[in-house]
Amino acid sequence: MTVYNFPYQDAGFVIDELIDFDLMCKEAGLEEINSELVSAILDEAGKLGTEVIAPLNSIGDQQGATLGEDGVQETPGFAAAYRQFVDSGWPSLNASEAYGGQGMPKLLGAAVAEVWQSSSLAFSLCPLLSGGAIEAITAHGSDELKDTYLPKLVRGEWTATMKLTESAAGSDLAALASRAVPEGDHYLLSGQKIFITWGDHQMTENIIHLVLARLPDAPTGVKGISLFLVPKFLLDENGQPDKRNDVFCVSLEHKLGIHASPTCVMNFGDNGAAVGYLVGEPHDGLAAMFTMMNDARQGTGMQGLSLSERSYQQALEYAKERLQGSHSDGTRFPIIEFPDVRRMLMLMKAATEAMRGLAYISAAEIDRSHWAKDPQAVQKHAARTGLYTPIVKGWITELAQEITSLGIQIHGGMGYVEETGSAQHFRDVRITTIYEGTTGIQGLDLVGRKILANNGEVLLDLLDDIQATAEAMSDIGELASQARALKNAVDSGKQARAWLLEHAGQNRNVAGGVSVNFMMLLGYICGGWVMGQSALKAARLLERGPGNESFLRAKLVTAQFYTDHLLPRAGSCLATVMAGADSIMALDVEQF
Ligand SMILES: Cc1cc2nc3c(=O)[nH]c(=O)nc-3n(C[C@H](O)[C@H](O)[C@H](O)COP(=O)(O)OP(=O)(O)OC[C@H]3O[C@@H](n4cnc5c(N)ncnc54)[C@H](O)[C@@H]3O)c2cc1C
């Protein structure tokens, strides 16, 4: 089985050269955080990922979580790995210092998350959800809730879940039916939630569920949803887990991938009393949950990147070893010599590097929005983060389907059989376009809330930045053709924007019909921007003199490949956007 290694060089290049993290931290007055610290932290994470978590990935695939008398039993080896993870302080990385966290930037959290997710997506989901819950409680919980629950969650002594989905309420949370009735200083919850990730396990002595439910006087629709904190074990007067709360996993889903991540059907209040505490204001739960969901959406985009990287590493190793061609003297050569295998490897490499650049840039934008002092700058960075989020989630996870499929293709038949592990990445990544809002929902979010709601101004600002990169590239002779292609892509983005602003109001199917292609269009353009900036930096660094020549020259070639093979897809996305929704909606339902 291939060993996984975190791609330090590429990650470092994005952090140092594309983002200029040191300057960013200096400007924010955070001199103690710099790229040296980042590289030391990534080094430590990489060791834990490669040595402890990655070897559990295929074990988890074969021996998924099980449900027994005492609840869910996680895959053997996971509890010990989780203990090591906690003992090394990883759960506290991004959390607020007020509750024992390290307060590290989001960008660093994203890079570290890539390690965990490439190592084992199933494992990584548990701390990912806890991180989102910590954010939601920090932002919306009362002081009492924060003081009681955050320190243990931040230390990783307890984990957390996110409970939205019900059988009749998936994408449409307005249909949510779980109930919460006030009783003294708390509420009694009843109902059933499905598909709950890491809803139960034995790795920690308590699990904190964040649950959406309706109060008795709640208005209908999403405006009547409140958020509750429901612990698996109620706490005694010393804050220690004591009496079992009435929230139980009643069954586990059998699924395509991430077998080691238990996907639970959870019942509340079957025995009369699932005690919960209100987080934030009554009927304002969705807004509170969105704190967690935006975080989780960017995190899900990272998952697409992480599995693409793991799949690429494995395919590359196989392509170097698998002998299929013969020279005229009869000696055999490996499949990496074949142009078509090269094409597939280059697609994997170029797409993965573009994904990494965009995902990290987007995480850094969150930091910028937190660190900016001028309210206008805060607003600008927050708006840009909002625009990036559905692209990171939607485009990266959709592209990751193709990339992990190529990982199988490069293995030939050995990719389709389970032995090599390549198929697991393809199966595992399949969920990423579904949970945390399907691709369809990301497209609607992008087109509706992030573009039409501000008359496309935030998008125009992004396209102007991309145009500026293309212009800077034009000054370097060897990048001139790439610069032209990037400018054309920006024009495609501008045409699509103008078309949308003109046509979206015509009928309600237009925005819904074109939204996913719009999102993919912006994804390919943003990827082109990342690779364009990379080429620009690489060319300038090479001009400056000796350094990491092999890596920088490879970057130039990879950027050219992206321009030749992936950026042209922006043109076809534009054509599908401008075709509108007529042929999409023309058939009667009976005609299908
Ligand atoms: C392994 C796994 C883990 C999960 N973990 C969690 C978890 O921890 N917590 C949690 O709360 N939930 C979790 N979920 C649930 C997940 O978030 C939902 O499955 C997802 O939001 C989609 O909802 P649904 O399955 O009901 O699909 P539906 O909403 O029924 O969607 C079906 C199809 O219709 C499309 N569609 C629906 N509405 C619209 C619309 N308005 N516009 C355009 N297209 C639309 C969708 O894009 C999709 O293609 C998990 C699911 C799985 C499978």
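None of the values given here were measured: they were computed from a predicted structure. (Residues numbered from 1 in each chain as written. Predicted model: local features only at pLDDT ≥ 70, side-chain atom pairs only at ≥ 80, totals over all residues. Heavy atoms only, no water.)

Asker: Would you explain the overall build of the chain in this entry?
Answerer: When its secondary structure is counted, the chain shows 20 helices and 14 strands. Its C-alpha atoms give the chain a radius of gyration of 24 Å, within 12% of the compact-globule value 25 Å for 592 residues. Along the longest, intermediate and shortest principal axes, the C-alpha atoms of the chain span 75 × 60 × 60 Å. Looking at the chain as a whole, 56% of its 592 residues are labelled buried. Counting contacts in the chain only where the partners sit at least 6 residues apart, residues at least 24 apart contribute 75% of the total. Carbon together with sulfur atoms contributes 51% to the accessible area of the chain, which is approximately 24,000 Å² in total. If you average the places of the 45 positive and of the 72 negative side-chain charges in the chain, the two averages end up 4 Å apart. (Helix = DSSP H or I, 4+ residues; strand = E, 2+ residues; numbered from the N terminus. Rg over C-alpha atoms; globule rule 2.2 N^0.38 Å. Buried < 20%, exposed > 50% of the residue type's maximum accessible area, 1.4 Å probe, protein only. Contact = heavy atoms within 4.5 Å. Areas by Shrake-Rupley, 256 points an atom, 1.4 Å probe, with all protein chains shown as cover. Lys, Arg positive; Asp, Glu negative; His and termini not counted. Charge placed at Lys NZ, Arg CZ, Asp CG, Glu CD.)

Asker: How should the pattern of salt bridges be read in this particular structure?
Answerer: Oppositely charged side chains may form a pair once their charged atoms are brought near each other. In the structure shown here, the tally under the stated rule is 25 salt bridges. Residue R368 pairs with E365 through a salt bridge whose shortest N-O separation is 3.9 Å. In this pair, R368 and E365 both sit in helix α10 (residues 339-371), 3 residues apart, roughly one turn of the helix. We classify R368 as partly exposed; its relative accessible area is 25%. A single salt-bridge network, built from bridges that share partners, covers D10, E114, E309, K349, E353, R356 and K555. (Salt bridge = Lys/Arg side-chain N within 4 Å of Asp/Glu carboxyl O.)

Asker: Is there a simple way to explain the site of the ligand in this structure?
Answerer: Close to the ligand lie 18 residues, the nearest being T165, S171, F195, T197 and T438. Between S171 and the ligand, the recorded distance is 2.6 Å, taken from a side-chain N or O atom to an oxygen atom. In isolation the ligand offers 970 Å² of accessible surface; the protein chains occlude 62% of this area. The element best represented in the shell around the ligand is strand β5 (residues 186-197), accounting for 3 residues. (Near = heavy atom within 4 Å. Polar contact = N/O pair within 3.5 Å; in protein donor to acceptor, adjacent residues only side chain to side chain.)

Asker: What exactly am I supposed to notice about unusual backbone geometry here?
Answerer: For residues other than glycine, phi is negative in most cases, and the peptide bonds are mostly trans. Even without a glycine there, the phi angle at W198 is positive, about 50°. W198 gets classed as buried once you look at its relative accessible area, which sits at 0%. The backbone of N455 shows a phi angle near 55°, a positive value even though the residue is not glycine. Within the fold, N455 resides in the loop between α14 (439-451) and α15 (457-474).

Asker: Help me understand the nonpolar core, please; the structure alone is not making it clear to me.
Answerer: Note on soluble globular proteins: their nonpolar side chains tend to be buried together. Y360, W395 and F518 are the most contacted members of the largest nonpolar core, which has 136 residues in total. Per-element tally for this core: the top contributor is helix α17 (residues 509-544), with 20 residues. Among residues more than four places away in sequence, those in contact with Y360 are F6, A11, V14, I15, I19, L107, A111, E114, M302 and L305. With 31 residues, the next largest nonpolar core counts L145, W158, A160 and M289 among its residues. (Core = buried A, V, L, I, M, F, W, Y, C linked by side-chain atoms within 4.5 Å.)

Asker: Whenever I open this one, the pairing of strand β7 (residues 226-231) confuses me. Can you help?
Answerer: Remember that side chains alternate between the two faces of the sheet whenever the strand is regular. Counting buried positions over the 6 residues of β7 gives 6, a clear majority of the element. Relative to strand β12 (residues 274-279), β7 runs antiparallel, the two sharing 3 bridges. The partner of L229 across the bridge, within β12, is Y277. (Pairing = 2+ DSSP bridges.)

Asker: How should I be thinking about the packing of helix α16 (residues 480-503) against α17 in this particular structure?
Answerer: Axis angle and axis distance: for two packed helices, these are the angle between their axes and the distance between the axes, and together they describe the pair. Where α16 contacts α17, the axes come no closer than 10 Å and their chain directions differ by 155°. Between α16 and α17, the interaxial angle falls into the category roughly antiparallel. The interaxial crossing formed by α16 with α17 has left-handed handedness. Taken together, the residues of α17 that come into contact with α16 (itself represented by Q482, L486, A489, S492, G493, A496, R497, W499, L500 and H503) are V510, V514, F518, L521, I525, G528, W529 and A535. Taken together, the residues of the contact of α16 with α17 break down into 12 nonpolar, 5 polar and 1 charged. (Axes fitted to C-alpha atoms, helices over the stretch in contact; angles between N-to-C directions. Parallel < 35°, antiparallel > 145°, perpendicular 65-115°, else oblique. Left-handed = near helix turned anticlockwise from the far one by under 90°. Nonpolar A, V, L, I, M, F, W, Y, C, P; charged D, E, K, R; others polar.)

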